[in-house]
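The residues making up each chain are set out below.
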Amino acid sequence: MTMDVDDLRTALAAVPPPSLVGVGDNVLDCYLHEDLAYPGGNALNVAAYSRLFFGGSAAFVGIMGDDRFADHVRGVLDEIGVDAARVRRVHGANGMAFVALDDDGDRRFVASNRGGVQSELRLRLSEVDHEYLARFARVHTSVYSSLEPELPAIAERGTRVSFDYSDDASPEVIRSTAPHVDVGFFSGGGLSDAEVEELGRYAVRCGIGSAVVTLGARGSLAFDAQSVHRTGIRPVTAVDALGAGDAFLTGFLAARAAGADLGDCLDVAATSGALACTLRGAFGYPVHAGDDARAQMLRHYPAPERRAST
């Protein structure tokens, strides 16, 4: 049965508010067909969903530009109650990704501005930053945030770390980061069941406390040293699937913080991911894109190959 927004929000209201800081990437997702740009990026999205869906104590630490798009993102964080006291502002363009509609109506990323100011800088955490992060129960980051060198120092202070490996992490990256990661997330939509099993088991053997593999319409699996759990998706009338994966992992982390077992964490995660699909962009709050956004289309991605009709 399809769940409506009220059903989804009611289900999530039972989860205690988490304490989480997202560290790393932020972008604006520019929808060319709408001429609107929405705040996004894995680390920023997780902080925003933690606040918007669960009423948690949330913060974001990262590098932003000083253009009007960065001003918009910073203003949105202030509006929704995500603390941005440790954000760095750098002269230049904020990160931006460009989304277009295919002939069949599916959204896909077609270009970017190569990360804007983030492309030539790496976030380096000071002792003041570490003291700030230690105020939160969890730090979340991703393979796109180049924070791997900082993970040992974060974990040594007792703060739990979650890491989104997406589908871009090599075995070497998994192996080197695993001892510092409490929960690792992987995108496995293109993998067979056997490959998913191998990936989850490998991540746990390397030292990740729990490894979660999302499979798109096939649901998701969670592995730890003792067990494997699986759940399906939550049927919902979708408006936009952008950000659903980030909302999924936010739900998992919120349930995990409340002491839920892996199966229940997956159920909360699926509900949170479904709720994100009812919002435009990752979590709404668009700004007009305009010619100054399009002028930043510096890197273009090839169109997917079309299968020959039979």
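Residues numbered from 1 in each chain as written. Predicted model: local features only at pLDDT ≥ 70, side-chain atom pairs only at ≥ 80, totals over all residues. Heavy atoms only, no water.

**Describing the overall build of the protein chain**
Then comes step 1: Within the protein chain, the regular secondary structure consists of 10 helices and 15 strands.
Then comes step 2: What you see for the protein chain is a C-alpha radius of gyration of 18 Å, in line with the 19 Å of a compact globule of 310 residues.
Then comes step 3: In terms of overall dimensions, the protein chain has C-alpha extents of about 60 × 55 × 40 Å along its principal axes.
Then comes step 4: Expressed as a percentage of its 310 residues, the buried residues of the protein chain come to 52%.
Then comes step 5: Here the analysis covers contacts within the protein chain between residues at least 6 apart in sequence; of these, 68% occur between residues at least 24 apart.
Then comes step 6: For the protein chain, the accessible surface area stands at approximately 13,600 Å², while carbon and sulfur atoms represent 50% of it.
Then comes step 7: Positive and negative side-chain charges in the protein chain, numbering 28 and 42 respectively, have mean positions lying 3 Å apart. (Helix = DSSP H or I, 4+ residues; strand = E, 2+ residues; numbered from the N terminus. Rg over C-alpha atoms; globule rule 2.2 N^0.38 Å. Buried < 20%, exposed > 50% of the residue type's maximum accessible area, 1.4 Å probe, protein only. Contact = heavy atoms within 4.5 Å. Areas by Shrake-Rupley, 256 points an atom, 1.4 Å probe, with all protein chains shown as cover. Lys, Arg positive; Asp, Glu negative; His and termini not counted. Charge placed at Lys NZ, Arg CZ, Asp CG, Glu CD.)

**Some points on unusual backbone geometry**
Then comes step 1: A positive phi angle, close to 60 degrees, is found at Arg114, a residue other than glycine.
Then comes step 2: If you check the backbone angles, Ser146 has positive phi at about 55 degrees while not being a glycine.
Then comes step 3: With respect to the secondary-structure elements, Ser146 resides in the loop between β8 (138-142) and α5 (151-156).

**Notes on the environment of Arg86**
Then comes step 1: With respect to the helices and strands, Arg86 occurs in the loop between α3 (68-80) and β5 (88-89).
Then comes step 2: For Arg86, a relative accessible area of 25% translates into the label partly exposed.
Then comes step 3: Distance from Arg86 to Ala59, taken between C-alpha atoms, is 8.7 Å for residues 27 residues apart in sequence.
Then comes step 4: Sequence-distant contacts of Arg86, that is, excluding residues within four places in its chain, are made with Val61, Gly62, Ser126, Val128, Asp129 and Tyr132.
Then comes step 5: Polar contacts involving the side chain of Arg86 include one to the side chain of Asp129, which spans 2.8 Å. (Polar contact = N/O pair within 3.5 Å; in protein donor to acceptor, adjacent residues only side chain to side chain.)

**Regarding the packing of helix α1 (residues 5-13) against helix α9 (residues 262-276)**
Then comes step 1: Contact pair α1 / α9: the axes reach a minimum separation of 10 Å and the direction vectors enclose 140 degrees. Put simply, α1 runs oblique to α9. For the element pair α1 and α9, the recorded crossing hand is left-handed. Two secondary-structure elements touch here, α1 through Val5, Leu8, Arg9, Ala11 and Leu12 and α9 through Val268, Thr271, Ser272, Ala274 and Leu275.
Then comes step 2: Taken together, the residues that form the contact of α1 with α9 break down as seven nonpolar, two polar and one charged. (Axes fitted to C-alpha atoms, helices over the stretch in contact; angles between N-to-C directions. Parallel < 35°, antiparallel > 145°, perpendicular 65-115°, else oblique. Left-handed = near helix turned anticlockwise from the far one by under 90°. Nonpolar A, V, L, I, M, F, W, Y, C, P; charged D, E, K, R; others polar.)

**So, the nonpolar core**
Then comes step 1: Grouped together as the largest cluster of nonpolar side chains are 56 residues, with contacts concentrated most on Phe53, Phe60, Met64, Val212, Phe252 and Phe283.
Then comes step 2: Ignoring sequence-local partners within four residues, the contact set of Phe53 consists of Arg9, Leu12, Ala247, Ser272, Leu275, Ala276 and Leu279.
Then comes step 3: By size, the runner-up hydrophobic cluster in this structure holds 34 residues, among which are Phe136, Ala178, Ile208 and Phe223. (Core = buried A, V, L, I, M, F, W, Y, C linked by side-chain atoms within 4.5 Å.)

None of the figures reported here should be taken as evidence of function without further support.
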